[in-house]
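Residues per chain, in single letters:
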Amino acid sequence: MSEYTLINVDDVEDHYAGTSVPGEFRWLAGALETEQVAVTLIRIPPHSDFEQGTGHFHDEQEEVYIVTRGTLTMRFGDVIERVAAGRAVRVAPRTPRSHRNEGDEPVDMWAISPRIDHGDATKIDDFWDASPHARQTR
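Remember, predicted model here, so these are calculated numbers, not experimental data.

*Asks:* Could you clarify how one ought to interpret the side chain of Thr40 in this entry?
*Replies:* You can see Thr40 is positioned in strand β2 (residues 37-44). Assessed through its relative accessible area of 7%, Thr40 is described here as buried. For Thr40, the contacting residues outside a window of four places in its chain are Phe25, Arg26, Trp27, Met109, Trp110 and Ala111.

*Asks:* How do you make sense of the pairing of strand β4 (residues 63-69) when you look at a structure like this?
*Replies:* Every regular strand shows the same layout, with side chains that alternate between the two sheet faces. Where β4 and strand β7 (residues 87-91) come together, five bridges link them in antiparallel fashion. Counted as the bridge partner of Val67 is Arg87 from β7. Summarising the sheet, β4 and strand β9 (residues 107-114) pair through five bridges and their orientation is antiparallel. Counterpart to Arg69 in the pairing with β9 is Asp108.

*Asks:* Help me understand the pattern of salt bridges in this model?
*Replies:* Should their charged atoms come close, side chains of opposite charge can pair. Throughout the structure, instances matching the rule amount to twelve salt bridges. Arg26 is paired through a salt bridge with Glu24; the nearest N and O atoms lie 2.8 Å apart. Using a relative accessible area of 10% as the deciding quantity, one classes Arg26 as buried. For Asp49, the salt bridge goes to Arg100, with nearest N and O atoms at 3.5 Å. Within this pair, whereas Asp49 is found in the loop between β2 and β3 (55-58), its partner Arg100 is found in strand β8 (residues 97-100), the two being separated by 51 residues in sequence. Residue classification places Asp49 among the buried positions, given a relative accessible area of 0%. Here Arg100 falls in the buried class, since its relative accessible area comes to 7%.

*Asks:* Hey, could you run me through the pairing of strand β5 (residues 71-76) in this one?
*Replies:* Taking burial as the measure, the six residues of β5 include five buried ones, the bulk of the element. Connecting β5 to the next strand, strand β6 (residues 79-84), in antiparallel fashion are two residues, including Gly77 with a positive phi near 60°.

*Asks:* Before we go on, may I ask you to explain the environment of Asp11 in this structure?
*Replies:* Looking at the element boundaries, Asp11 is found in the segment before β1 (24-27). Residue classification places Asp11 among the exposed residues on the basis of a relative accessible area of 65%. Sequence-wise, Asp11 and Asp104 are 93 residues apart; in three dimensions their C-alpha atoms are separated by 26 Å.

*Asks:* Could you clarify how one ought to interpret the sheet that holds β4 in this entry?
*Replies:* Strand pairing within a sheet occurs via backbone hydrogen bonds; the two strands may be parallel or antiparallel. Taken together, five strands build an open sheet; the order of strands is β1-β2-β9-β4-β7 and the sheet is antiparallel. Since the sheet does not close on itself, it has two edges, and those belong to β1 and β7, each with one partner. Here the average twist between neighbouring strands, direction ignored, is 20°.

Reading the values: the criteria
Residues numbered from 1 in each chain as written. Predicted model: local features only at pLDDT ≥ 70, side-chain atom pairs only at ≥ 80, totals over all residues. Heavy atoms only, no water. Helix = DSSP H or I, 4+ residues; strand = E, 2+ residues; numbered from the N terminus. Buried < 20%, exposed > 50% of the residue type's maximum accessible area, 1.4 Å probe, protein only. Contact = heavy atoms within 4.5 Å. Pairing = 2+ DSSP bridges. Salt bridge = Lys/Arg side-chain N within 4 Å of Asp/Glu carboxyl O. Axes fitted to C-alpha atoms, helices over the stretch in contact; angles between N-to-C directions.

Below, the structure is given as structure tokens:
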């Protein structure tokens, strides 16, 4: 492995491409050849709810979300917060979470967590009511 890896994030596969899910999901760990850290760029268009009222939690992983553009409506357990660009939030393992963009401007959010070799996410159906301000598909 080299001492560093430089990539263009837009060259990394968008896992939402070709689906009805609005936005982009670019898992960068493979392209960056990271061993310990997972980094994902999530782009959410205006008025979009990619999880469609669902949420998820991780059994082991602590996650940090950094919003670099726009404002997200995020839910952590029973608490709903508006998280604007320039803010970061840490989410502990087993904390249910979700997000959506109810605003007029696109959102860029970076998700950072330990890289593990197995999936530890559990989906939660009906986590919160669908937003009247966020479409569910492209």
